[in-house]
Amino acid sequence: MRIIFMGTPDFAAKILQALIQAGHDIVLTLTQPDRPKGRHGAAQKSEVRKLSEDYGIPVLTPERLKSDEAAKEAMRSSGADVAVVAAFGQLLPEDVLAIPKHGCINVHASLLPKYRGASPIQWAVLNGDGVSGVTTMQMDKGMDTGDILEQLIVPLDDKETGGSLFEKLSSSGAELILHTLQSLSEGKLEPKPQDDSLASKVGLIKKEDGHINWDDSAIRIERMVRGMNPWPSAYTFIHGKQVKIWEAGVLEKEELPKGASFALFLNGDGKMADRQGKQEGKPEERPGSIWISGERIFVFCGTGLLEILSLQMESKKRMKADDFLRGNMAFLKGNGQ
RNA sequence: CGCGGAGUAUAGCAGUCCGGUAGCUUAUCUGGCCCAUAUCCAGAUGGUCGCGGGUUCAAAUCCCGCCUCCGCAA
């Protein structure tokens, strides 16, 4: 089949890779223009663009497909049977949807109609879902509202992170789109409309979404630690320095080891909080209090206790809690600089 | 040439400003204590101070170049 591929990041590149390996004829690729990225501010090609160029596939990078007549003309003249879209980053206008003979098929990283929108993978982890999956659907003018073609369910692991689920769903997505295209060529697809009453919508995850609110429950924060990994990561501030938390465990407050000692109190800006507040219980047990026991680090949360297993100070490498304590006790206590 | 931090023993750090015998915690090994222990005590092993030049009687430290890692920003 002659296929136009539209996508941008890693997730899309994996789908494209699978299509190429399966022997499909990719006649044209559309992806986002090169964006500044990385430490030196240089514009970088998207993953999809790199892959396409490696295989000698023509690439277009329309800033706004909606008003880019040249790109539309290229699509028309390609004579494509179908367009496969994965994390393209632009809403497709209706006239574009109609260009390929069989329309545009989207690979979406959730079990639609759940998690329509931009960050379905992270939200599955953030919400503690037991399963997620991938969906292929016939695109229409809405945001992930088209008829469902096929779905594949993927179970989540207890320690699932955004990154690990991403890996699972991209390979499942690749598998599913190949199957869907096979079904399409055999005329066996049965599009099913989505049940809008079950729909949920998720927005793009932003850096700020990784900022931990210690008033939340330990359970929720631990999910956040996993869901925001590897980006934007769950973080807090200690003495004004950003600290990312990479691994954490959930405990009950009663499980705080007896020998533990209070180290410091956190709040949003990393300064010592007002201890005269009218919160319940001892001030050292309010949400955001850090306790140290031997080589372990604990933080009181709104509900429960979070043990920090591995973390990363800004400008530093990720390290285990015991390693962190080894050389940072002075910093924690504020004695250092 | 976007802004900034960092590279010192297995690991985490101090020391660099102000040049003068390589330090701390941990790990490892040995011994002690103990019914026993991830506890405690004593001792030992272990480092081309990222790489290459330069200055100097003398460089982890000062100067120049390079490599690598990381945070921000996108």
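Check the entry above for the structure.
Okay, so let's go over this structure. Residue indices follow the written sequence of each chain, beginning from 1 at its first position. Chain letters and ligand numbers both follow the written order, the letters beginning at A and the numbers at 1. Reporting of local features is limited, given that this is a predicted model, to residues whose pLDDT is at least 70; pairs of side-chain atoms are given and counted only at 80 or more, and all residues count toward the totals for whole chains, interfaces and linings. The side-chain numbers reported here are obtained from all heavy atoms of the structure, hydrogens and water having been left aside.

Here's the deal with the overall build of chain A
Heads up, the condition is: Helical segments are the DSSP runs of H or I of at least four residues, strand segments are the runs of E of at least two, and each set is numbered from the N terminus. Accessibility here uses a 1.4 Å probe with only protein chains present; expressed as a share of the type maximum, an area under 20% marks a residue as buried, one over 50% as exposed, and anything in between as partly exposed. Contacts are assigned to residue pairs with any non-hydrogen atoms lying within 4.5 Å of each other. Note on areas: these come from Shrake-Rupley sampling with a 1.4 Å probe, and a residue is covered only by the protein chains present in the view. Charge counting follows a simple rule: Lys and Arg are positive, Asp and Glu are negative, and His as well as the terminal groups are ignored. Charged side chains are reduced to one point each, which is NZ for Lys, CZ for Arg, CG for Asp and CD for Glu.
A tally of regular secondary structure across chain A gives eight helices and 18 strands. In terms of overall dimensions, chain A has C-alpha extents of about 70 × 45 × 30 Å along its principal axes. Out of the 337 residues belonging to chain A, those deemed buried represent 50%. Sequence separation of 24 or more characterises 64% of the internal contacts of chain A that already satisfy a separation of 6 or more. When the accessible surface of chain A is split by element, carbon and sulfur atoms take 50% of a total near 16700 Å². Placing the 42 positive and 46 negative side-chain charges of chain A at their respective mean positions leaves the two points 5 Å apart.

Observations regarding the pairing of strand β12 (residues 234–238)
Our working definition: Only strands joined by at least two bridges in the DSSP assignment are considered to pair.
β12 sits mainly inside the fold: five of its five residues count as buried. Here β12 shows a buried face lined by Ala234, Thr236 and Ile238 and a second buried face lined by Tyr235 and Phe237. Sheet topology note: the β12/strand β13 (residues 241–251) ladder contains five bridges and is antiparallel. What sits directly across from tyrosine 235, in β13, is lysine 244.

Quick notes on the packing of aromatic side chains
Basically, it comes down to this: Here is the rule: rings of Phe, Tyr and Trp (six-membered ring for Trp) pair when centre to centre is within 6.5 Å. Planes less than 30 degrees apart are stacked, more than 60 are edge-to-face, and the remainder are tilted. Two conditions define a charge sitting above a ring: the NZ of Lys or the CZ of Arg must be within 6 Å of the ring centre, and it must be within 35 degrees of the ring normal.
For the structure on display, the rule yields four aromatic pairs. Both rings, one in tyrosine 235 and one in phenylalanine 237, keep their centres 6.0 Å apart while their planes meet at 90°; by these two values the pair is edge-to-face. In this structure an aromatic cluster arises from ring pairing among Phe262, Trp291 and Phe300. Over the ring of tyrosine 235 we find lysine 207; its NZ or CZ atom is 4.8 Å from the centre of that ring. Taking the ring centre of tryptophan 246 as reference, the NZ or CZ of arginine 318 above it sits at 4.0 Å.

Some details on the sheet that holds strand β1 (residues 2–7)
The criterion, for reference: Fitting a line to C-alpha atoms yields each axis, with helices limited to the stretch in contact; the angle taken between N-to-C directions then spans 0 to 180 degrees.
What the seven strands build is an open sheet, ordered β5-β2-β1-β6-β7-β9-β10; its pairing is mixed. What marks the edges here is a single partner per strand, and that holds for β5 (59–60) and β10 (147–155). Sheet analysis places strand β2 (residues 25–30) next to β5, joined by two bridges and oriented parallel. For threonine 29, the partnering residue across the bridge sits in β5 and is valine 59. Against the sheet, helix α3 (residues 69–77) makes contact with β1, β2 and β5, and its axis sits at roughly 170° relative to β2, the strand it touches most.

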